[in-house]
Every structure is written in C-alpha cells, then in structure tokens.
Amino acid sequence: MDITTVTSYRFASSRGDLALAPGEKILAGGTWLMSEPQSEVTGFVDITRMGWPEIEVTDAGLRVAATCTIARFVAWSRGELDTPVPAGWHATGAIPDAAHALLMSFKVWNTATVGGNVCQSFTAAAMVSLLAALDGEAVIWTPDGGERRQPVADFVTGQAQNTLQPGEVLRALDVPAGAMRCRVSLHKMALAELGRSGIVVSGRRGDDGSTVVAVTASTLTPHVFRYPGVPDAAQLRADVTSPTDFFTDALGEADWRRAVTAVLAERVVADLMTEDVA
C-alpha cells in the first residue's frame, strides 16, 4: 500500500546513520510496515545496506542478522548457502517448520526478515516461537553506542509489544551451540487450514536428557518451561496451561487455546522421545 505520510527514505550504511529524526522509523523487509497506514511515520531508514553477514557460525553458536530474510534463513538450514551447517546441529531441521507456521506467501518470505518478525512481536510470530525454544538472545544496539542482550522469550512483552526503547536497533539473534545440537519439534494449530497460528508449541531435548518446552501464539507472551528430564504428563499439562495470558480473538477462544496447547505440548514431548525429529 502507499504510505502517504512518508516524505523521506534513506539507507543506513553505518551505525551513525541509525540515529532517527522525528517521524523516522527503521525498515528492513517492511512487509508489515507496507501493509497498513503508518500515520505517525514520515520517513524510513532502510538497514538492509548495513553489511551485516546474514548467517554467522562460530564455536559459540549461530548468529542470524536482523536483516536476514526468512527465505535465506530457510535456505541456510537446507545447506543451500555458502555458510555450511555444522555437523550435529539438529535444530536447523526445525527452521523450515517455523517458517511454514507463518501466514505468508513465498514472495513475502523473500522480503520479510527474521529480525522484523521478532521486532513486530505478534503473538503468532513464528521466529519468536523457534528462538524462544532455542534460548535465542536478541542483540540490541543502544543509541549511546553500546549493546544489550536479552532472551527473545523476555524481549516480547505483549501483542506487538517488546522492550525496544527509542533509538534502539535489533542487530542480530544469537542461538547457543548447545541448543543448536538439540533435537527439536514444533507443532502448530490454526482454525483455518491456511490461517494464522492460534497455538504454537515448540520444544527441544538435549544430549543430557533435559527438555525445554515453549508456548507461543496462544498466549500474549512466550512461556518457556524447563525440565531436567522428560516431564511427567500431568506436570507438563499443568505447566503449559498455567499462564494467565491465554487470550480470545477472532481466531480462537482462550479456553480452546489452553486446551489445544496441552495437546500439542504432549505431541512435542512425544516427538522428542523418538529419533526421527529434527
């Protein structure tokens, strides 16, 4: 759509260029920004020319640039980019599953960014679902030239709400190598076959037998539950249905979301007990 209030558009190529004038807004893929009126926005600052490597692999783990598109992230997970997927990083198999949980066409995949999906912070944000389960951290540049880090699960504070402060810019998403070596399962449910996710439950199991289960989309904020081993079915059900922010909207009642969350959590844990998950 035409954003008729915008009178300026500039590319940022250095950190100094990220200082925003009144009315300016950071843009990467812009798929949401261009989808509806932005009456308070008078200028866009495009960060796609910052030169950030889209995928970085180190001994510490995985870094995904905020400007990496969903399509390129999926392509990397499939071994289609120059940066190889390290042997034993089983969690990469869940990246396409998370991407498919997004309600978007392949054209949007090629423009929408991983960072944009996290910063938009919708309850059904599929990259949030994946990164919450993998203990992903948001690397945030602060306007004073510094940096702060925050778990993605804590970064999102509500529907389209997060902890970004004026002048801050999401630089990257980091995932520890230990989490990337885990087996991962992701299940989603929507009222319509091609509808926005009403519930997403993702989980991982480490070599030490520990289990992590993350609940998103059915609640206004991510909820992460940790167990030293395989959780007892009753305990798992009690935990994943305990959040107080299950919500009702046109795509589902809160009670439905709570009940289906329990079912999907059981399926995720069952998957993690087999050898054929990611």
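It should be noted that the structure appears before, not after, this text.
Treat the numbers as computed from the prediction; the structure is a model and nothing was measured. (Residues numbered from 1 in each chain as written. Predicted model: local features only at pLDDT ≥ 70, side-chain atom pairs only at ≥ 80, totals over all residues. Heavy atoms only, no water.)

Enquirer: Describe the overall build of the protein, naming the residues involved and giving the relevant values.
Expert: The secondary structure content of the protein amounts to 9 helices and 14 strands. Principal axes of the C-alpha set define a box for the protein whose edges measure 55 × 45 × 35 Å. Here the protein, with 278 residues, has 50% of them falling under the buried criterion. For the protein, the proportion of contacts with a sequence separation of at least 24, taken over those separated by at least 6, is 58%. Counting only carbon and sulfur atoms, one obtains 53% of the accessible surface of the protein, whose full area is about 12,400 Å². Mean positive and mean negative side-chain charge positions of the protein (22 and 32 charges, respectively) differ by 1 Å. (Helix = DSSP H or I, 4+ residues; strand = E, 2+ residues; numbered from the N terminus. Buried < 20%, exposed > 50% of the residue type's maximum accessible area, 1.4 Å probe, protein only. Contact = heavy atoms within 4.5 Å. Areas by Shrake-Rupley, 256 points an atom, 1.4 Å probe, with all protein chains shown as cover. Lys, Arg positive; Asp, Glu negative; His and termini not counted. Charge placed at Lys NZ, Arg CZ, Asp CG, Glu CD.)

Enquirer: Kindly report on the layout of surface pockets, identifying the contributing residues and their values.
Expert: The space that makes up the largest pocket amounts to roughly 1,200 Å³. Taken together, 43 residues line the largest pocket, and the ones lying closest to its centre are Trp32, Gly116, Asn117, Cys119 and Gln120. For the lining of the largest pocket, the secondary structure elements donating two or more residues are β2 (24-27), α4 (114-120), β9 (161-162) and β10 (169-176). Among the residues making up the lining of the largest pocket, the classes are represented as 24 nonpolar, 15 polar and 4 charged. (1 Å grid on protein atoms, 1.4 Å probe; cavity = no way out; pocket = protein on both sides within 12 Å on 5 of 7 lines; lining within 4 Å. Points joined across faces, edges and corners; volume = space filled by probe spheres on them. Nonpolar A, V, L, I, M, F, W, Y, C, P; charged D, E, K, R; others polar.)

Enquirer: Lay out the environment of Gly43 with the relevant residues and their values.
Expert: Residue position: Gly43 is located in strand β3 (residues 43-46). As a C-alpha pair, Gly43 and Val260 span 217 residues in sequence and 42 Å in three-dimensional space. Apart from residues lying up to four places away in sequence, Gly43 is in contact with Val6, Ser8, Gly23, Glu24 and Lys25.

Enquirer: Please set out the pattern of salt bridges residue by residue, giving values where relevant.
Expert: The final tally for this structure, using the stated rule, is 13 salt bridges. Ionic pairing is found between Asp174 and Arg63, a salt bridge with its closest N-O pair at 2.7 Å. In this pair, Asp174 is assigned in strand β10 and Arg63 in strand β5 (residues 61-65), connecting sequence segments 111 residues apart. Taking the shortest distance from any N to any O, the salt bridge between Arg257 and Asp249 comes out at 2.4 Å. (Salt bridge = Lys/Arg side-chain N within 4 Å of Asp/Glu carboxyl O.)

Enquirer: Tell me about the nonpolar core, residues and numbers included.
Expert: Of all hydrophobic cores here, the largest spans 57 residues; its most connected members are Leu62, Ile70, Phe73, Trp76 and Val118. At 6 residues, helix α1 (residues 70-77) tops the list of elements feeding residues into this core. Within the second largest apolar cluster, 15 residues are counted, among which are Phe225, Leu236, Val240 and Leu264. (Core = buried A, V, L, I, M, F, W, Y, C linked by side-chain atoms within 4.5 Å.)

Enquirer: Provide a residue-level description of the side chain of Thr92, including the pertinent values.
Expert: Relative to the elements of secondary structure, Thr92 occurs in the loop between α1 and α2 (95-100). Here Trp89 takes part through its backbone oxygen, which lies 3.0 Å from a polar atom of the side chain of Thr92. Here Thr92 is in contact with Trp76, Ser77, Val85 and Met180, once residues within four sequence places are set aside. (Polar contact = N/O pair within 3.5 Å; in protein donor to acceptor, adjacent residues only side chain to side chain.)

Enquirer: Go over the sheet that holds strand β11 (residues 183-189) with me, naming the residues and quoting the values.
Expert: One open sheet accounts for 4 strands, arranged β11-β12-β13-β14; its pairing is antiparallel. Taken across any chain shown, the strands that pair with only one partner, and hence form the sheet edges, are β11 and β14 (223-227). The mean angle between the axes of side-by-side strands here comes to 15 degrees, regardless of whether they run parallel or antiparallel. Looking at chain direction, strand β13 (residues 211-216) and β14 are connected through 5 bridges and run antiparallel. Among the inter-strand pairings, Thr211 is bridged to a residue of β14, identified as Tyr227. Where helix α5 (residues 126-133) meets the sheet, it contacts β12 (199-205), β13 and β14, and its direction lies at approximately 25 degrees from that of β12. Sheet strands in contact with helix α8 (residues 233-240) are β13 and β14, and its direction is about 160 degrees off that of β14. (Pairing = 2+ DSSP bridges. Axes fitted to C-alpha atoms, helices over the stretch in contact; angles between N-to-C directions.)

Enquirer: Give me the lowdown on α5, citing residues and values where you can.
Expert: Within α5, 8 of the 8 residues are buried, leaving the element largely enclosed by the surrounding structure. Considered for burial, the residues of α5 that qualify are Ala126, Met127, Val128, Ser129, Leu130, Leu131, Ala132 and Ala133.

Enquirer: Tell me about the packing of α8 against helix α9 (residues 254-272), residues and numbers included.
Expert: Across the interface, α8 lies against α9 with an axial gap of 9 Å and an inter-helix angle of 135 degrees. On the basis of the axis angle, α8 is oblique to α9. Where α8 crosses over α9, the handedness of that crossing is right-handed. Residue-level inspection shows Leu236, Arg237 and Val240 of α8 in contact with α9, the latter providing Thr261, Ala262, Ala265, Glu266 and Val269. Of the residues assigned to the contact of α8 with α9, the class counts are 5 nonpolar, 1 polar and 2 charged. (Parallel < 35°, antiparallel > 145°, perpendicular 65-115°, else oblique. Left-handed = near helix turned anticlockwise from the far one by under 90°.)

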